[in-house]
Amino acid sequence: MINKQLKLILVSTPIGYLGSGKGGGVELTIVSLIKGLIYLGHEIILIAPKGSKLPFESELLEIRLIDGIDQPSWQHLKKKDPVLIPFNGVLPKLWEEVINIANESDAVINFAYDWLPLWLTKIQLIKIFHLISMGDESLIMKDIISEISHLFPFQLAFHTKSQSKDYSLKTDPIIVGNGFDMENYLFNENVNGPLGWAGRIAPEKGLEDAVKVANYLGEKLLVWGFIEDKKYAFEIENSFTKEIIEWRGFLPTDKFQEQLGRCRALINTPKWNEAYGNVIVEAMACGVPVIAYDLGGPGELIEDGVNGFLVKPNDIEGLIKATKSISEIKRQNCRNWVEKKASNKVFAERVENWLNKGLNKKISEDIQD
Ligand code: HBI
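Keep in mind it's a predicted model, so treat the numbers as computed, not measured.

Cut-offs and rules
- Residues numbered from 1 in each chain as written.
- Predicted model: local features only at pLDDT ≥ 70, side-chain atom pairs only at ≥ 80, totals over all residues.
- Heavy atoms only, no water.
- Helix = DSSP H or I, 4+ residues; strand = E, 2+ residues; numbered from the N terminus.
- Rg over C-alpha atoms; globule rule 2.2 N^0.38 Å.
- Buried < 20%, exposed > 50% of the residue type's maximum accessible area, 1.4 Å probe, protein only.
- Areas by Shrake-Rupley, 256 points an atom, 1.4 Å probe, with all protein chains shown as cover.
- Lys, Arg positive; Asp, Glu negative; His and termini not counted.
- Charge placed at Lys NZ, Arg CZ, Asp CG, Glu CD.
- Domains from an automatic or database assignment.
- Buried area = accessible area lost by both parts, 1.4 Å probe.
- Salt bridge = Lys/Arg side-chain N within 4 Å of Asp/Glu carboxyl O.
- Near = heavy atom within 4 Å.
- Polar contact = N/O pair within 3.5 Å; in protein donor to acceptor, adjacent residues only side chain to side chain.
- Nonpolar A, V, L, I, M, F, W, Y, C, P; charged D, E, K, R; others polar.
- Core = buried A, V, L, I, M, F, W, Y, C linked by side-chain atoms within 4.5 Å.
- Contact = heavy atoms within 4.5 Å.
- Pairing = 2+ DSSP bridges.
- Axes fitted to C-alpha atoms, helices over the stretch in contact; angles between N-to-C directions.

1. Brief notes about the overall build of the protein
Helix and strand content of the protein: 13 helices and 12 strands. The C-alpha atoms of the protein give a radius of gyration of 20 Å, which matches the 21 Å a tight globule of 369 residues would have. With respect to the three principal axes, the spread of C-alpha positions in the protein is 65 × 45 × 40 Å. Expressed as a percentage of its 369 residues, the buried residues of the protein come to 56%. Of the roughly 16,300 Å² of accessible surface on the protein, 54% is carried by carbon and sulfur atoms. In the protein, 42 side chains carry a positive charge and 49 a negative one; their mean positions are 3 Å apart.

Right, dumping it as structure tokens:
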């Protein structure tokens, strides 16, 4: 069934421009989804901080860049902290732009994990849909998400069930997963490569556990990612006599996937309720099986024994045992899983269904009134 073409406004995260790496997984989600929605024929206006760039152009895509000071990340704040709006902040400016043009659109999709856009949903000026990108990181965010869930249950969506369990929602959560542009990932069948780890280098990502595995096996560990917490990285390096970590930095997708694809396994060690686990799917898209703690999103992406292994959280022995058996996993299974469940086309179809449900539900409510 061909769905009606939608005119959509997508609003990016305010903690850094698209391409800076500061937005973490959200950056990849936005870029993948835009490509997927354009593939379905929808028209997009992307509103994002100045400096944002996308790796493609389209006559169905318009980008509006907004200057302003980055919003402080909730990951650097405490749960009970108030909402901070910096002087000349980019967040309010992004949403002034949305309000100015919203009546020309069918819907707005918000990717910011921020109070302002959620609160604006109550004003009902525009139909704002929120793809919540993290588990519970802030009391005031948990509160406003719960309130919007009670007022507009169809306008919230989550990446995974486990992520949504952090929130008190009125109805069953709408789960849309995530999506990746399969053309950006090349399948690598090599089974004898090194061990890899990828993610923002920060305590909640648990790098030290993967280093312990590599150290035990007497191997190097290739590490990709934005070093957000330098002190944490330094402490890990200094807790081992030999040099275990080979730092590869935060690479653009084309270079990252080419290096990642050479690994025989990716080890994923979340210490928090990881909302999704982009790097897990990126690895599998290159044919790399994943060994991950069964916590948060990763527990819903890995089918134990099929595309990787799930290990009890913080069980280093379990990680070592799984690493030793990784050759049991057929690398093609990993690629097939992503094609079927997490390509940007499949993701865009799930988002399209979500929007239509939210828009029609709204309309049907009007009819009921
Ligand atoms: N913090 N205030 C704020 N807003 C965001 O959109 C945000 C954040 N912290 C982290 C983050 N987004 C993303 O890196 C994660 O959602 C993936």
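2. A short note on the domain arrangement of the protein
Here the protein is described as being made up of domain 1 (7-180 + 343-368) and domain 2 (183-341). Placing a centre on the C-alpha atoms of domain 1 and another on those of domain 2 gives a separation of 28 Å. When domain 1 packs against domain 2, the two sides together hide about 1,800 Å² of surface, and 53% of this comes from carbon and sulfur. There are one salt bridge connecting domain 1 and domain 2. When residues of the side of domain 1 that touches domain 2 are traced back to their parent elements, those giving at least two are α1 (25-39), α5 (161-164) and α13 (344-368). It is α1 that contributes the most residues to the side of domain 1 that touches domain 2, four residues altogether.

3. Some thoughts on the site of the ligand
Gly23, Ser73, Tyr113, Asp114 and Ser133 are the nearest of the 18 residues found near the ligand. In this structure, Trp74 approaches the ligand through a main-chain N or O atom, which is 3.0 Å from a nitrogen atom. Within the side chain of Ser133, a nitrogen or oxygen atom sits 2.6 Å from an oxygen atom of the ligand. Here the ligand has 390 Å² of accessible area as a free molecule, and 95% of this is covered by the chains. Split by residue class, the shell around the ligand holds eight nonpolar, eight polar and two charged.

4. Description of the side chain of Ser105
With respect to the helices and strands, the residue Ser105 is situated in the loop between α2 (90-101) and β4 (107-110). Look at Ser105 and you get buried, because its relative accessible area is 17%.

5. Thoughts on the nonpolar core
Counting 56 residues, the largest nonpolar core has Leu207, Val211, Leu221, Leu266, Val281, Val290 and Val338 as its most contacted members. Considering every element that reaches this core, the biggest residue donor is helix α9 (residues 278-285), with six residues. For Val211, the contacting residues outside a window of four places in its chain are Leu221, Ile236, Phe240, Ile244 and Ile245. In this structure, Leu18, Ile30, Leu33 and Leu131 belong to the second largest nonpolar core, which totals 32 residues.

6. A short note on the pattern of salt bridges
In the structure shown here, the tally under the stated rule is 20 salt bridges. A salt bridge links Glu62 to Arg64; the shortest N-O distance between them is 2.6 Å. For Glu62, a relative accessible area of 34% translates into the label partly exposed. Relative accessible area serves as the criterion here: at 24%, Arg64 is assigned to the partly exposed category. In this structure, Glu235 and Lys231 form a salt bridge, with 3.0 Å as the shortest nitrogen-oxygen distance. Here Glu235 and its partner Lys231 are both found in helix α7 (residues 230-238), four residues apart, which amounts to about one turn of the helix. Classification of Glu235 by relative accessible area gives partly exposed; the value is 43%. A relative accessible area of 60% means that Lys231 is categorised as exposed. It is possible to trace a salt-bridge network through shared partners that takes in Lys35, Asp181 and Glu183.

7. Considerations on the sheet that holds strand β6 (residues 156-158)
Reading across the sheet, the six strands line up as β3-β2-β1-β4-β5-β6 and stay open at both edges, with parallel pairing between neighbours. What marks the edges here is a single partner per strand, and that holds for β3 (61-66) and β6. The mean angle between the axes of side-by-side strands here comes to 20 degrees, regardless of whether they run parallel or antiparallel. Pairing analysis gives three bridges linking strand β5 (residues 128-132) to β6, with the strands arranged parallel. In the sheet register, Leu131 faces β6, and the bridge partner there is Ala157.

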